[in-house]
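As a plain string of letters, each chain reads:
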Amino acid sequence: MKKTKLFLLGIGMGAFPIWAQTAASSSGAGNDQSAAFPDVPVTARNVDKGATKASADGVYKLSLLAPVDYPVKLIVAGSNSADLVGGTPGLTGTADLNQPQAHSQASESDAAKPASDSLTWRGITIYGAYDIGLGWVSHGLPENGYNYEGASLVNRNGYEHRFLVAPNNLQQTGFGIRGKEQFAPGWSVVFNASTGINPQSGLLANASKTDIVNNGLPRSSYSYAIDGARAGQPFNDEYYGGVSSEKFGTLTFGRQRSLGTDVMLLYDPAGGSYAFSYIGYNGTMAGGGDTEDSRWDSAVKYRITYGPAHLAAMYKFADGNGGCFSASATWTAATCTPETAHNNAYAGDVGASHKKLSADIVYQHYNQAISVLNPLLGPQSVTQSYQSTTNSINTNPINGANLISTDETLYGIVTDNNAILGTVKYTWDQFKIFGGFEYIWQNNPHDPLGVGASDQGGYILSGVEDNNLDTEKILRVWWTGVKYAYDSKTDITFAWYGQLQNNFRTPQTCSAAAGYRASCAGALNEGSLYANHHFTKRFEGFTGLAYSFVYGGMAIAIPHGPGVPYLHNSNFAPVIGGRFTF
């Protein structure tokens, strides 16, 4: 019997945020040395119900095969189907579709049946990606060795046009290891450990450090400073283990992507790309209102699929310390009241697929969410009220003898966040059409944090604001876009993103004449267009552009002070580059 091999290639490290972050593609040949299946339908079911056709030489491509925790059935007309591992980034597998194949439970941690060139041994798979390009920005800054998000989005400190080496455009450069080992019929242990790297410097991705290296410097001397979910941890993406059952689903514990991040990667037309996706670059949507919360430490996650429906639930246990505060400007041990960390969180996801249509709804709640204001002006500018070290409760400047140094520390705004997210995707011939909307509401925390409270990655806060919001802050984030499969190797993607913010200032006197603050209503928008082409199974090139702009209150950086306006309220960012995956 003639054998036909189909190669399933999941691109890269996983969908990284604000991840940045990207979904994967699948390409392969429906032929061997003596036979081919030209022009036959090829379908990956349980992912997006998407389908394509093999070319004259049997080559096919399935776009946007993203990370999933449920089985994927690969079907080629005229041959037997095969149950394969789900759309796991970096996955390389082989299925002989002329012969029956045993079922394989899918999850982000699952290892594929190894192909002859895969990096899989006894159920353990090593995977990774290298993504880099050359870009130009109309209003940018010098790159930072810790920055992993590139320079495409409008930045309030951006002041000049410049060429730069652009890291992590379609996805995060980095590597990981995952595995699956069956210990009883239908039951397996699973694990995954992955991390991101700046491909220019070789440093671990570290948003907190991008701020810290700018602390105390004048604004004109800044390099890129960001807020994000990676803070230089050895495994700054995910690090978890658990148990998987073919019948009862998958339960994992550790540092894991939030459910909002999982869904965003599946329904973002740009797959969470840092260069071309606002919701991938910024992370506010994936984190349910805060970009640091696109990944949860000390979290348990459960997923199960039943027919066309899938369900997920997630819970984060409180961790870290809460610091302390004082009503006095001269702090002492006697006047500093200790606070406790209450940063637990929970979320749920309900979704389903029917033929070419799929949809998900996610709810997320996070207590004591921290948004970092970057960077601190520090000791050189302690008189600047909008970035001085302040009391966590009443924002009084802390200038006493035991002032917590701004060296190696951060300044954060603390809120309790709620978010509900709805997404939809539809496949029509060579087109995939995407849409999503998220409603986020934030309030001052029920349990405040104090100066010295811990943030992600072992960093601490030398300044905290718990009363940042005069009234409830509401964000509305939406996006739409389309991905067009030009041929078996080339995709063209267009996406548009928007974010609207309410006026949470009291009294509401915001106007162009009176002057805006960050607490005034405003908006941020970004559009992108790019193409990527697979030259080989593991290497692809891409080129495209993004344009983003802000107005109203969104164009002012800091509430509760005179504000730090954007130096320029727009950014135009074309880029060309390549991505290699293994």
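Residues numbered from 1 in each chain as written. Predicted model: local features only at pLDDT ≥ 70, side-chain atom pairs only at ≥ 80, totals over all residues. Heavy atoms only, no water.

1. Things to note about the overall build of the protein chain
Then, in step 1: If you tally the helices and strands in the protein chain, you get 3 helices and 29 strands.
Then, in step 2: When the 582 residues of the protein chain are sorted by exposure, 61% land in the buried category.
Then, in step 3: Across the protein chain, contacts joining residues at least 24 apart in sequence account for 71% of those joining residues at least 6 apart.
Then, in step 4: Only carbon and sulfur atoms are counted for the fraction: they give 62% of the accessible area of the protein chain, which is about 21000 Å². (Helix = DSSP H or I, 4+ residues; strand = E, 2+ residues; numbered from the N terminus. Buried < 20%, exposed > 50% of the residue type's maximum accessible area, 1.4 Å probe, protein only. Contact = heavy atoms within 4.5 Å. Areas by Shrake-Rupley, 256 points an atom, 1.4 Å probe, with all protein chains shown as cover.)

2. Structural notes on the nonpolar core
Then, in step 1: Within the largest apolar cluster, 55 residues are counted, with the highest numbers of intra-cluster contacts made by Phe-276 and Ile-279.
Then, in step 2: Ala-231, Ile-370, Leu-410 and Leu-449 belong to the second-largest nonpolar core, a separate cluster that totals 11 residues. (Core = buried A, V, L, I, M, F, W, Y, C linked by side-chain atoms within 4.5 Å.)

3. Looking at the pairing of strand 16 (residues 295-306)
Then, in step 1: Pairing analysis gives 7 bridges linking strand 15 (residues 249-257) to strand 16, with the strands arranged antiparallel. Across the sheet, Gly-254 pairs through a bridge with Ala-299, a residue of strand 16.
Then, in step 2: Sheet topology places strand 16 next to strand 17 (residues 309-316); 8 bridges connect them, and they run antiparallel. Counted as the bridge partner of Val-300 is Tyr-315 from strand 17.
Then, in step 3: In sequence, strand 16 turns back onto strand 17 through a hairpin of 2 residues, with Gly-307 there showing a positive phi of about 60°. (Pairing = 2+ DSSP bridges.)

4. A word on the pairing of strand 28 (residues 539-552)
Then, in step 1: Where strand 27 (residues 522-534) meets strand 28, 13 bridges bridge the pair, whose relative direction is antiparallel. If you follow Gly-527 over to strand 28, its bridge partner there is Tyr-547.
Then, in step 2: Between strand 27 and strand 28, which pair antiparallel in sequence order, lie 4 residues.
Then, in step 3: Where strand 28 meets strand 29 (residues 570-581), 11 bridges bridge the pair, whose relative direction is antiparallel.

Distances and angles like these do not, on their own, reveal function.
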